[in-house]
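The residues making up each chain are set out below.
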Amino acid sequence: MPKEVGGKIFYTREEAEAAGMKLPTPEEFARNQAILDQFDADIRAAKPAPQGTAPAGFGGRFSDDLEGTEWEGWTVKGGQWFDQNGNPVDEGEQGR
């Protein structure tokens, strides 16, 4: 059964095929993975941006993956999650 997480719906490959969704061919997947690998290499090779600035193409609504989800305002410090009110959250609540 599809699972909703952070306002997004995730399907297994089998569920997507059964629903008639178009899936990438192995060649398309390999080509896209190569593009992502090159992007990762470029990001790792880039120098840090000056303090208080974001590099071109980053920032705005793309700077916070939790924005607009049920976890908006949550933070993590030292491996411990805190809700939008600053209260510590245990592992069971993280998967709500």
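Relevant structure appears above.
Residues numbered from 1 in each chain as written. Predicted model: local features only at pLDDT ≥ 70, side-chain atom pairs only at ≥ 80, totals over all residues. Heavy atoms only, no water.

Give a description of the side chain of D83 that names residues and reports values.
By secondary structure assignment, the location of D83 is in the loop between strand 4 (80–82) and strand 5 (88–89). There is a polar contact of 2.9 Å between the side chain of D83 and the backbone nitrogen of N85. (Helix = DSSP H or I, 4+ residues; strand = E, 2+ residues; numbered from the N terminus. Polar contact = N/O pair within 3.5 Å; in protein donor to acceptor, adjacent residues only side chain to side chain.)

Could you give me a rundown of the sheet that holds strand 5, with the residues and numbers involved?
Ordered by their spatial adjacency, three strands build an open sheet running 3-4-5, and the pairing between neighbours is antiparallel. Among the strands making up the open sheet, the edge pair consists of strand 3 (75–77) and strand 5. Looking at chain direction, strand 3 and strand 4 are connected through three bridges and run antiparallel. Paired with V76 across the bridge in strand 4 is W81. (Pairing = 2+ DSSP bridges.)

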